[in-house]
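# Working through the structure, step by step
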Amino acid sequence: MSEITATYSSAIGADRGVDSGVDPSTRYFVQEHHPESSTLLGFWLYLMSDCLIFACLFATYAVLGRNYAGGPTGAELFDLPLVAMNTAFLLLSSITYGFAMLESQKKNLRATMIWLGVTGLLGLAFLALELYEFSHLIHVGAGPERSGFLTAFFALVATHGLHVTFGIVWLVTLMFQLKRHGLIPENGRRLMCLSMFWHFLDVIWIGVFTFVYLMGVLP
Amino acid sequence: MSDPHAKSAHAAHGAEHGHHGHEDHVDHGSVKSYSIGFVLSVILTAIPFWLVMGKVITDSSTTGFVILGFAAVQIVVHMIYFLHMNTKSEGGWSILALVFTVMVVVIMLTGSIWVMYHLNTNMMPHMADPTGELHMPSATHDATQHTQHK
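Chains are numbered independently. Their residues run from 1 in the order of the written sequence. Note on labels: chains are lettered from A, ligands numbered from 1, in written order. At least 70 in pLDDT is required for a residue's local features to be given in this predicted model, at least 80 for side-chain atom pairs to be given and counted, and no such filter applies to totals for whole chains, interfaces and linings, which use all residues. Only hydrogens and water are set aside; all other atoms, that is, all heavy atoms of the structure, feed into the side-chain values.

### Notes on the overall build of chain A
Think of it this way: any DSSP run of H or I at least four residues long counts as a helix, any run of E at least two long counts as a strand, and we number them from the N terminus. Scanning chain A for helices and strands turns up seven helices and zero strands. In sequence order, the secondary structure elements of chain A are arranged as α-α-α-α-α-α-α. Of all 219 residues assigned to chain A, the portion counted as buried reaches 56%. Contact between two residues is taken to exist if any of their heavy atoms lie within 4.5 Å; hydrogens are not considered. Here the contacts in chain A between residues at least 6 apart in sequence split such that 78% fall between residues at least 24 apart. Residue-level accessible areas treat just the shown protein chains as cover; the underlying method is Shrake-Rupley with a 1.4 Å probe. Summed over all atoms, the accessible surface of chain A reaches about 9300 Å², with 67% contributed by carbon and sulfur. Note on classification: 1.4 Å probe, protein chains only; a residue is buried when its accessible area is under 20% of the maximum for its type, exposed when over 50%, partly exposed between these limits.

### Re the side chain of glutamine 74 of chain B
Secondary-structure assignment places glutamine 74 of chain B in helix H3 (residues 60-81). Its relative accessible area of 2% is what places glutamine 74 of chain B among the buried residues. The residues contacting glutamine 74 of chain B, other than those within four sequence positions of it, are Leu91, Ile206 and Phe209 of chain A together with Ser41, Leu44 and Thr45 of chain B.

### Here we look at the packing of aromatic side chains
All names here are of chain A. Two aromatic rings from Phe, Tyr or Trp, using only the six-membered ring of Trp, form a pair when their centres are within 6.5 Å; if the ring planes differ by under 30 degrees the pair is stacked, by over 60 it is edge-to-face, and anything between is tilted. Summed over the entire model, instances satisfying the criterion amount to 22 aromatic pairs over all chains. Considering the side-chain rings of phenylalanine 134 and phenylalanine 154, the 4.9 Å spacing of their centres and the 50° angle between planes classify their relative orientation as tilted. Of this pair, phenylalanine 134 sits in helix H5 (residues 109-139) while phenylalanine 154 sits in helix H6 (residues 148-181), and the two are 20 residues apart along the sequence. Of the aromatic side chains, those joined through ring pairs into one cluster are Phe58, Tyr61, Tyr68, Phe78, Phe126, Phe134, Phe149, Phe153, Phe154, Trp205, Phe211 and Tyr213.

### What about the confidence of the model for chain A?
Averaged over every residue, the pLDDT of chain A is 86; residues scoring 70 or more account for 83%. Each residue carries a pLDDT value, the predictor's own confidence for that position, ranging from 0 to 100. Here residues 28-35 of chain A is modelled with pLDDT under 50, and outside its nearest four sequence neighbours on either side it reaches 15 contacts, counting other chains as well.

### Comments concerning the pattern of salt bridges
All names here are of chain A. Basic side-chain nitrogens of Lys or Arg form a salt bridge, by our definition, when they fall within 4 Å of a carboxyl oxygen of Asp or Glu. Going through the model one piece at a time under the given rule, you end up with one salt bridge over all chains. Lysine 106 is the salt-bridge partner of glutamate 103, the closest N and O atoms lying 3.6 Å from each other. Note on glutamate 103: relative accessible area 14%, which makes it buried. Under the relative-accessibility criterion, lysine 106 is labelled exposed at 56%.

### Structural notes on the environment of methionine 192 of chain A
Following the sequence through the fold, methionine 192 of chain A ends up in helix H7 (residues 185-217). With 149 residues separating them in the primary sequence, methionine 192 of chain A and phenylalanine 43 of chain A have C-alpha atoms 9.8 Å apart.

### Description of helix H2 (residues 31-53) of chain B
Relative to the 33 Å expected for 23 residues at 1.5 Å per residue, H2 of chain B spans 32 Å between its end C-alpha atoms, a close match to the ideal helical length. Those residues of H2 of chain B not exposed but buried are Ser33, Tyr34, Gly37, Phe38, Ser41, Leu44, Thr45, Pro48, Phe49, Leu51 and Val52 of chain B. Summarising the contacts, the buried residues of H2 of chain B are in contact with helix H4 (80-105) and H7 of chain A together with H3 of chain B. One or two residues past the end of H2 of chain B sits lysine 55 of chain B, with phi positive at roughly 50°. One less than the number of residues in a helix, times 1.5 Å, gives the span that helix is expected to have.

### Remarks on the nonpolar core
Counting residues in each nonpolar core, the largest one holds 75 residues, and the members touching the most others are Trp44, Phe78, Tyr97, Phe153, Trp205, Val208 and Tyr213 of chain A. For this core, the elements supplying multiple residues, two or more each, are helix H2 (24-64), H4, H5, H6 and H7 of chain A together with H2, H3 and helix H4 (93-123) of chain B. The greatest single-element share of this core, amounting to 20 residues, is contributed by H7 of chain A. Once residues within four sequence positions are removed from consideration, phenylalanine 78 of chain A is found in contact with Tyr61, Glu133, Phe149, Phe153, Val212, Tyr213, Gly216 and Val217 of chain A. Here, nonpolar core means buried Ala, Val, Leu, Ile, Met, Phe, Trp, Tyr and Cys residues that are tied together by side-chain atoms lying within 4.5 Å of each other.

### Regarding the packing of H6 of chain A against H7 of chain A
Residue and element names in this part refer to chain A. Taken N-terminus to C-terminus, the directions of H6 and H7 make an angle of 160°; their axes are 10 Å apart at the nearest point. Looking at the two axes, H6 sits roughly antiparallel to H7. The interaxial crossing formed by H6 with H7 has left-handed handedness. Taken together, the residues of the contact of H6 with H7 break down into 20 nonpolar, six polar and one charged. Between N-to-C directions, angles cover 0 to 180 degrees, with each direction set by a line fitted to C-alpha atoms, over the stretch in contact for helices. Any angle that is under 35 degrees is reported as roughly parallel, and any over 145 degrees as roughly antiparallel; angles of 65 to 115 degrees are reported as roughly perpendicular and all others as oblique. What makes a crossing left-handed is the near helix being turned counterclockwise from the far one by less than a right angle; a clockwise turn instead makes it right-handed. Charged residues are taken to be Asp, Glu, Lys and Arg, nonpolar residues to be Ala, Val, Leu, Ile, Met, Phe, Trp, Tyr, Cys and Pro, and polar residues to be all remaining types, Gly included.

Dropping the structure here:
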């Protein structure tokens, strides 16, 4: 309702011109408020569809997770301290991204860049550990082709890892954009979208470490 | 008539978010909210790891349900403190999309698990539990035989 009213008033405001005493910020509100709002909502809808992809992979894992085909089980393969460290990296990167958002809100470019850099490094540490884990599993003959359990495991965890990889690519790109253009509204919007993406990945990881790793080692 | 409407809407909008610019209408949280979220997450992560690694509860299905409960709580904590979800953001459309997604996910997950577990039971009648309880026969045995035939 308020959107319609505002649009209507802006049309009138444009007709009358600024001389007639219309507050210019009224038009500013209409032009600036609505597009950004729809970008964030649109990005949220993307995340929800991503959520469905992960739900399919979780369902696959739930069905195939105990089909070891005579091969190694989760209890034999999973190294929980390593998973705990990975979880810590991702959780820490979530809060450092939060700090980057707070600094960008204060229009503090330098601090924003530093926190983004820290977030990126934590993301890289997460990826490095995960790649180490994957290469170790493949090395001991527990690659994705070994059993239904390992196929479902690799599909789910690697899809998450791929998301983190692209999150880091996005983060680095955004750092270059910030360096070049500063904290303009467009970059603020991009930061906001990446923030949602990054926190969303952390939410997915909660499901992964609980459902795959912790429940996988239970007898 | 329409101008005062727009202005008052705008004024209310500005008042809600204090000193933020016009482009900055989304709640980004504060150091406090992020810290609360982080501390809660650390606690909610540490307890499940401790439960499993320390083998605190002997019954594994009980442990499973407990750590799933912790995960659910932690997901809600992340949604509120990190993703800043509330019923008002984007005029309620975000929460509506979330509710819809959760509904689809729940139907899909419970449906898949329910159907597939019963499928396993029904396809191997000799392994079915006579009490009719939800029973997941070990597929290892069957799969091993299968590979041996090859």
